[in-house]
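Below are the chains, spelled out letter by letter.
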Amino acid sequence: MSRFSSGTKYSRVVFLLAWAILIATVIRAQSGAPSQTVPPQTIEIDATAAGRPFPHFWEKMFGSGRAILTLRESYRNDMRETKRITGFDYVRFHAILHDEVGIYDEDKDGMPVYNFSYVDQIYDGLLKDKVRPFIELSFMPKKLTADPKAIHPFWYKQNVAPPRSWEIWEQMIERFTRHLVDRYGEDEVAQWYFEVWNEPNIDFWAGNPKESTYYELYDRTARAIKRVSPRLRVGGPSTAQAAWVDRFIRHAAEKNVPVDFVSTHVYGNDLSTDVFGTKEVIPRNQMVCRAARKVFDQVKASAKPDLPIIWSEYNASYMNEQNVTDALYMGPWLADTIRQCDGLAEMWSYWTFSDVFEEQGVVKQPFYGGFGLLAVGGLPKPSFNAFAILHLLGDQRLLSVSSDSALVTRRSDGVLVIALWNLVPPGETGVPRSVRLHFKGLSGAGGVRMWRVDQEHSDVLPAYEKMGRPQYPTTAQLNELRRAGALAAPETLTLKDGELLVLIPSSGLAVIEIH
């Protein structure tokens, strides 16, 4: 969810000299020549080492804009493409209760009238492509709102007030839920999730006071859902900035309110004052997993220590930063986030899979810093290709690897899959990184393949720049850009004396299979 040196001449000479030495060293390492100055980092990998389960938590769910967008073919095409590369299970979007979906109306006597026509088209479309809904119950129908003026500034102008009648709200939720069970069956809907509202701790909820009125919303919603079937899963508080989780669980326990999971959100550029109440400067590549550790510890210390944790939004930025979400940076950032966040939650939902998205209005051009993996026209960003190659990682993680820029995994077929990256903060240039992988315990390795996302591979942006950044690419230009942004074919490498030397460019990501 979007929220909107100078130095001496001598020091510059020394810097330039050091830079030249480092580049020369890396070039020699790439060619296999011995390095006398900066040797490659060596990572020891024991192919027989024990591993622990490594579920692909980062690709089980994706976020997207709002409910009505799911009826567009462009949205569904992007969803299918993301499903193809990740096999994801769930999708989350806002505003299923928005007036444009048409669920709630009233007759001339002010009595509720329900219409589930668009709801059926929305969920039928997801299920046809084997994606289940993670239902965010939002926002308030205008005829049910307690405050018609409580309009959020997003382009689609959702109402964020509590209902004027809690009883009618409960009835609407129960009717909506019962319709889903009647249409899709209890066994199917029991595999979905119902999340109550979106980010009530900030400007998406106008209840006053925010927290206590949200708890009333949650309590009434959860009980209405459970009246349809106790098997259905409901949770919250769906907060921004990792807020309220400990107090939400305490409230649910004290009031005996059903809760099947906790959900919250965090972004890499959230501020420590908002997430932790401190004045630390936390790097973008550490914020998400620092917040995940905070929430994990809160849940474990709570009255419900086994509640599943779901991060129903995460990304490196909640703003439109072209040098972040459109850029190569996302590959290393994602890999490093996976490394750090492993084991801290059951499921994560990357925000978002598609730039078919209208929170700030109709998209005006490709590559504006949108959150999606796919830009307008189905153009794959580096983040899309990063998800594609990280999907190759195994389901066992080898923990004996001493590197903060590597993941070593093993698949059930015995294939080793290794991710290596070179994380450079946005706006900085960085230098190539040379890595020597030294293996032991390999028995007759049959082949090595390596996929790359870097300045020379799987990046659409150079082709777009060369085109002159057209605001409205023609059909021919879109086809050319899709080819330029497609995942590059893997390279075939050879182990030499049980070693592999790999050069990772600045902001590059590589995934290697050892058969």
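Residues numbered from 1 in each chain as written. Predicted model: local features only at pLDDT ≥ 70, side-chain atom pairs only at ≥ 80, totals over all residues. Heavy atoms only, no water.

**Focus: the confidence of the model for the protein chain**
Phase 1 of the analysis: In the predicted model, the protein chain carries a mean pLDDT of 92, and 92% of its residues have values of at least 70.
Phase 2 of the analysis: Across residues 4-38, confidence stays below pLDDT 50; counting only partners more than four residues off in sequence or on other chains, it has 27 contacts. (pLDDT = per-residue confidence, 0-100. Contact = heavy atoms within 4.5 Å.)

**Quick notes on the nonpolar core**
Phase 1 of the analysis: Ile96, Tyr123 and Phe176 are the most contacted members of the largest nonpolar core, which has 124 residues in total.
Phase 2 of the analysis: With 9 residues, the top contributor of residues to this core is helix H4 (residues 166-184).
Phase 3 of the analysis: In this structure, Ile96 is in contact with Ala67, Val101, Ile103, Val119, Ile122, Tyr123, Ile135, Glu136, Leu137, Ser138 and Phe176, ignoring residues within four places of it in sequence.
Phase 4 of the analysis: One finds Ile43, Phe439, Val448 and Met450 within the second-largest nonpolar core, a separate group that totals 22 residues. (Core = buried A, V, L, I, M, F, W, Y, C linked by side-chain atoms within 4.5 Å. Buried < 20%, exposed > 50% of the residue type's maximum accessible area, 1.4 Å probe, protein only. Helix = DSSP H or I, 4+ residues; strand = E, 2+ residues; numbered from the N terminus.)

**What about unusual backbone geometry?**
Phase 1 of the analysis: Cis geometry marks the peptide bond from Ser138 to Phe139, where omega comes out at -10 degrees.
Phase 2 of the analysis: Looking at the secondary structure, you find Phe139 in the loop between strand E7 (132-137) and H4.
Phase 3 of the analysis: At Trp244, a residue that is not glycine, the phi angle is positive and equals roughly 70 degrees.
Phase 4 of the analysis: In this structure, Trp244 sits in the loop between strand E9 (234-239) and helix H7 (245-255).
Phase 5 of the analysis: Judged by relative accessible area, Trp244 falls into the buried class, the value being 10%.

**Some points on the sheet that holds strand E2 (residues 51-53)**
Phase 1 of the analysis: One open sheet accounts for 7 strands, arranged E2-E15-E16-E17-E22-E19-E20; its pairing is antiparallel. Only two strands of the sheet have a single partner each, and these edge strands are E2 and strand E20 (491-493). Between one strand axis and the next, the sheet turns through 30 degrees on average, direction left out of account. (Pairing = 2+ DSSP bridges. Axes fitted to C-alpha atoms, helices over the stretch in contact; angles between N-to-C directions.)

**Some words on the state of the cysteines**
Phase 1 of the analysis: All told, the structure shown has 1 disulfide when counted by the stated rule.
Phase 2 of the analysis: At a sulfur-sulfur separation of 1.9 Å, the disulfide partner of Cys289 is Cys341. Classification of the bridge connecting Cys289 and Cys341 rests on its S-S torsion, roughly -105 degrees, and on that basis the disulfide is left-handed. Here Cys289, found in helix H9 (residues 284-300), pairs with Cys341, found in helix H11 (residues 330-341); they are 52 residues apart in sequence, far enough to count as distant. Taken individually, Cys289 and Cys341 each receive the classification buried, so the pair is uniform in this respect. (Disulfide = S-S within 2.5 Å.)

**Details of the packing of aromatic side chains**
Phase 1 of the analysis: For the coordinates displayed, the defined rule picks out 38 aromatic pairs.
Phase 2 of the analysis: Taking 6.3 Å as the distance between ring centres and 25 degrees as the angle between the ring planes, the aromatic pair formed by Tyr314 and Trp333 counts as stacked. Within this pair, whereas Tyr314 is found in strand E11 (residues 309-315), its partner Trp333 is found in helix H11, the two being separated by 19 residues in sequence.
Phase 3 of the analysis: A relative accessible area of 1% means that Tyr314 is categorised as buried.
Phase 4 of the analysis: Here the basic side chain of Arg290 rests over the ring of Phe276, its NZ or CZ set 5.1 Å away from the ring centre.
Phase 5 of the analysis: Against the face of Phe276 rests Lys294, its NZ or CZ located 5.8 Å from the ring centre. (Phe/Tyr/Trp six-rings, centres within 6.5 Å; stacked < 30°, edge-to-face > 60°. Lys NZ or Arg CZ within 6 Å of the ring centre and 35° of its normal.)

**Quick word on the side chain of Ser312**
Phase 1 of the analysis: Among the structural elements, Ser312 can be located in strand E11.
Phase 2 of the analysis: Setting aside chain neighbours within four positions, we find Ser312 in contact with Met61, Arg92, Phe134, Glu195, Ser238, Ser263, Thr264, His265 and Ser349.

**A word on the packing of H7 against H9**
Phase 1 of the analysis: Where H7 contacts H9, the two axes come as close as 9 Å, and the packing angle between them is 25 degrees. Regarding the angle of H7 to H9, the classification is roughly parallel. Once H7 is placed against H9, the crossing between them reads as right-handed. Where H7 abuts H9, its residues Val245, Asp246 and Ile249 lie against Val295, Gln298 and Val299.
Phase 2 of the analysis: A per-class count over the contact of H7 with H9 returns 4 nonpolar, 1 polar and 1 charged. (Parallel < 35°, antiparallel > 145°, perpendicular 65-115°, else oblique. Left-handed = near helix turned anticlockwise from the far one by under 90°. Nonpolar A, V, L, I, M, F, W, Y, C, P; charged D, E, K, R; others polar.)

**Overview of the sheet that holds strand E21 (residues 499-504)**
Phase 1 of the analysis: Spatially, 3 strands are ordered E1-E18-E21 in an open sheet, and the strand pairing comes out mixed. A strand with exactly one partner marks an edge of an open sheet, and here the two such strands are strand E1 (41-46) and E21. Mean inter-strand twist for the sheet, computed between neighbouring axes without regard to direction, equals 25 degrees.
Phase 2 of the analysis: Both strand E18 (residues 433-440) and E21 contribute to a ladder of 6 bridges, which runs antiparallel. Note on E21: the bridge partner recorded for His438 is Glu499.

**Some thoughts on the pairing of strand E12 (residues 347-350)**
Across a regular strand the side chains alternate sides, sitting on one face of the sheet and then on the other.
Phase 1 of the analysis: Neither face of E12 is exposed, since Met347 and Ser349 on one face and Trp348 and Tyr350 on the opposite face are all buried.
Phase 2 of the analysis: Relative to E12, strand E3 (residues 61-66) runs parallel, the two sharing 2 bridges. Counterpart to Phe62 in the pairing with E12 is Tyr350.
Phase 3 of the analysis: Relative to E12, E11 runs parallel, the two sharing 3 bridges. Following the sheet pairing, Tyr314 is matched in E12 by Tyr350.

**Some points on the pattern of salt bridges**
Phase 1 of the analysis: Counted according to the given criterion, the structure contains 40 salt bridges.
Phase 2 of the analysis: Across the salt bridge formed by Arg339 and Asp336, the nearest N and O atoms sit 3.0 Å from each other. Placement of both Arg339 and Asp336 in helix H11 is noted, with a separation of 3 residues, approximately one turn of the helix.
Phase 3 of the analysis: Overall, Asp336 belongs to the buried group, its relative accessible area being 4%.
Phase 4 of the analysis: Asp413 is paired through a salt bridge with Arg411; the nearest N and O atoms lie 3.8 Å apart.
Phase 5 of the analysis: The class for Asp413 is exposed, based on a relative accessible area of 52%.
Phase 6 of the analysis: What makes Arg411 partly exposed here is its relative accessible area of 21%.
Phase 7 of the analysis: Connected via shared salt-bridge partners are Glu167, Glu170, Glu174, Arg178, Glu216, Arg220 and Arg227. (Salt bridge = Lys/Arg side-chain N within 4 Å of Asp/Glu carboxyl O.)

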